[in-house]
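As a plain string of letters, each chain reads:
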Amino acid sequence: MNTKKDKLVIFDTTLRDGEQSPGASMTKDEKIHIAKMLERMRVDVIEAGFAIASQGDFDAVQAVAETVKDSRVCSLARAVGPDIIRAGEALKKANASRIHTFIATSPIHMKYKLQMEPEKVLEQAVAAVKHARQFTDDVEFSLEDGSRSEPDFMYRIIEAVIAAGAGTINIPDTVGYGEPGEYGAMFRRVIENVPNSDQAIFSTHCHNDLGLAVANSLSAVMNGVRQVECTINGLGERAGNASLEEIVMAVQTRQDLYPVETRIDPSHIVPTSRMVSSITGFPVQPNKAIVGANAFAHESGIHQDGVLKHRETYEIMRAEDVGWGNNRLVLGKHSGRAAVKARYEELGHSFDDPAEFQVVFQRFKDLADKKHEIFDEDLQSIIAGAEEPVERYRLGSIDVHSRSGNRPRAQMQILIDGNEVEAEADGSGPVDATFKAIESVVNSAADLKLYSVNAVTQGTDSQGSVTVRLERDGRLVNGVGADTDILVASAQAYLDALNLLASGESKRKGV
């Protein structure tokens, strides 16, 4: 007997909450690239940013709103007039828009952060929703720190904001404090105790501080929630948010259990995961569910034998359904512009400017001269290094000597504003010597916060992808470099980070 399932709205906040990961800020163009992939994946709502946070955030929300047609575009706004007006302005040209306004409702937040009495909070929430309705007919209201709010006050404020015009009510687990049984039961009680709860969709937004974000979200779904707020790769501040890919595939794989279905096309999950990883410089751990390199790998002989005899013995979903399996791209040094451009378009990158594609294509050719085969991961790494608009510092050449028993030494030529400068330094290792050589002529006064190396593909001719995170004056940036020579990639990543610090606008972090 077939039972009609409810629609589960997938609300992606990679571009807003995901961007709040330290060092994960994105440029406007990068947000557009990701938004296009989310649209292709058929995400219902894309939260493009926090319009009032900065001019850069406003421009990004506006650009996404003008570009995306098949998904609803959303901007976050505090429950205050200037925020709501700014969000409305940014979303003016959206095909479908939403303003997501919020105010804290837990006793600890109202007392110590807002320094407001509950009645004043309720009054401000209602006013904010009514104000937002002047710009869009789709308003979402969030009770910040909802999982630690008092039930009776929650019921009152939810009833009031629904009456004021909020069509979606989000009760987030802002600090990752929730437990699945407790968090799900909270939604059940709210829905049962708010008289007009049937006039709104209830939403969950969970953080992963205790590793329970996905479990809490799915528990909420089982208790009446019909929107899940999540991010690609679980990106987000602190320990991150609920992972979109895990939520979607859990619902799809366990259709016998969940009373909902999504409209997501999961075949775009892995390409989107790679794009987000490449843009933010946050690598995906190999054992990450769905999108990790080992997610569908089997090393145990017993497992291998079982899969060979019948896949379902050890695999509960098909790798190709989420975008694995077709990721091997037979491109090489003889490939032409049309083939390379076509594959980039399949991966979600379009090139309106011929000059931009020429830079990417030349980098493709340079890499193809070093490698026999080019993979999708290589293409993502190429474009990650080709899109940055500011290039004050550029690597000319590098010569590093490292021999056991001797102190490593790096000699480099660096182009600074087009002028070639010689640099050299010793270090405790070849990478340390490389970075010290750069700093000997740049003197950036930046602190190195992260150095990460990952193989882009398999094999000894694989590119090494390097992420360098620098901090200066409270600003964090991620530089990314990729090359078959790991020292070249390291130098490129460090210089990329310096270029970001030198840029007045690029990758500026919002609040």
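In short, a report on the structure. Bear in mind the structure is a predicted one, so any value in this text is a computation, not a measurement.

Right, let's get into the overall build of the protein. Counting its secondary structure elements, the protein contains 16 helices and 16 strands. The burial tally for the protein puts 56% of its 511 residues in the buried class. A fraction of 66% describes how many contacts in the protein between residues 6 or more apart in sequence connect residues 24 or more apart. With an accessible surface of roughly 22,100 Å², the protein has 47% of that area assigned to carbon and sulfur atoms.

Moving on, we get to the side chain of N241. One can find N241 in the loop between β9 (227-230) and α9 (244-253). Look at N241 and you get buried, because its relative accessible area is 3%. In this structure N241 touches T13, D17, H205, C206, H207, N208, A213, T231, G234, L235 and G236, once residues within four positions along its chain are discounted.

With that settled, the discussion passes to the sheet that holds strand β13 (residues 419-426). Taken together, the 3 strands give an open sheet; going across it, the order is β11-β12-β13, and neighbouring strands pair in antiparallel fashion. Strand pairing shows two members of the sheet lacking a second neighbour, β11 (393-401) and β13, which therefore form its edges. Each strand axis lies, on average, 20 degrees off the axis of its neighbour in the sheet, ignoring direction. As paired elements, β11 and strand β12 (residues 409-416) share 8 bridges and run antiparallel to each other.

Another aspect to go through is the packing of helix α3 (residues 81-90) against helix α5 (residues 118-132). At a closest axis distance of 10 Å, the pairing of α3 and α5 adopts a crossing angle of 25 degrees. Classed by the angle they form, the pair α3 and α5 counts as roughly parallel. Both α3 and α5 take part in a crossing whose hand is right-handed. Packed against α3, whose contacting residues are G81, I84 and I85, the element α5 presents A128, H131 and A132 at the interface. Its residues assigned to classes, the contact of α3 with α5 comprises 4 nonpolar, 2 polar and no charged.

Scoring rules and cut-offs
Residues numbered from 1 in each chain as written. Predicted model: local features only at pLDDT ≥ 70, side-chain atom pairs only at ≥ 80, totals over all residues. Heavy atoms only, no water. Helix = DSSP H or I, 4+ residues; strand = E, 2+ residues; numbered from the N terminus. Buried < 20%, exposed > 50% of the residue type's maximum accessible area, 1.4 Å probe, protein only. Contact = heavy atoms within 4.5 Å. Areas by Shrake-Rupley, 256 points an atom, 1.4 Å probe, with all protein chains shown as cover. Pairing = 2+ DSSP bridges. Axes fitted to C-alpha atoms, helices over the stretch in contact; angles between N-to-C directions. Parallel < 35°, antiparallel > 145°, perpendicular 65-115°, else oblique. Left-handed = near helix turned anticlockwise from the far one by under 90°. Nonpolar A, V, L, I, M, F, W, Y, C, P; charged D, E, K, R; others polar.

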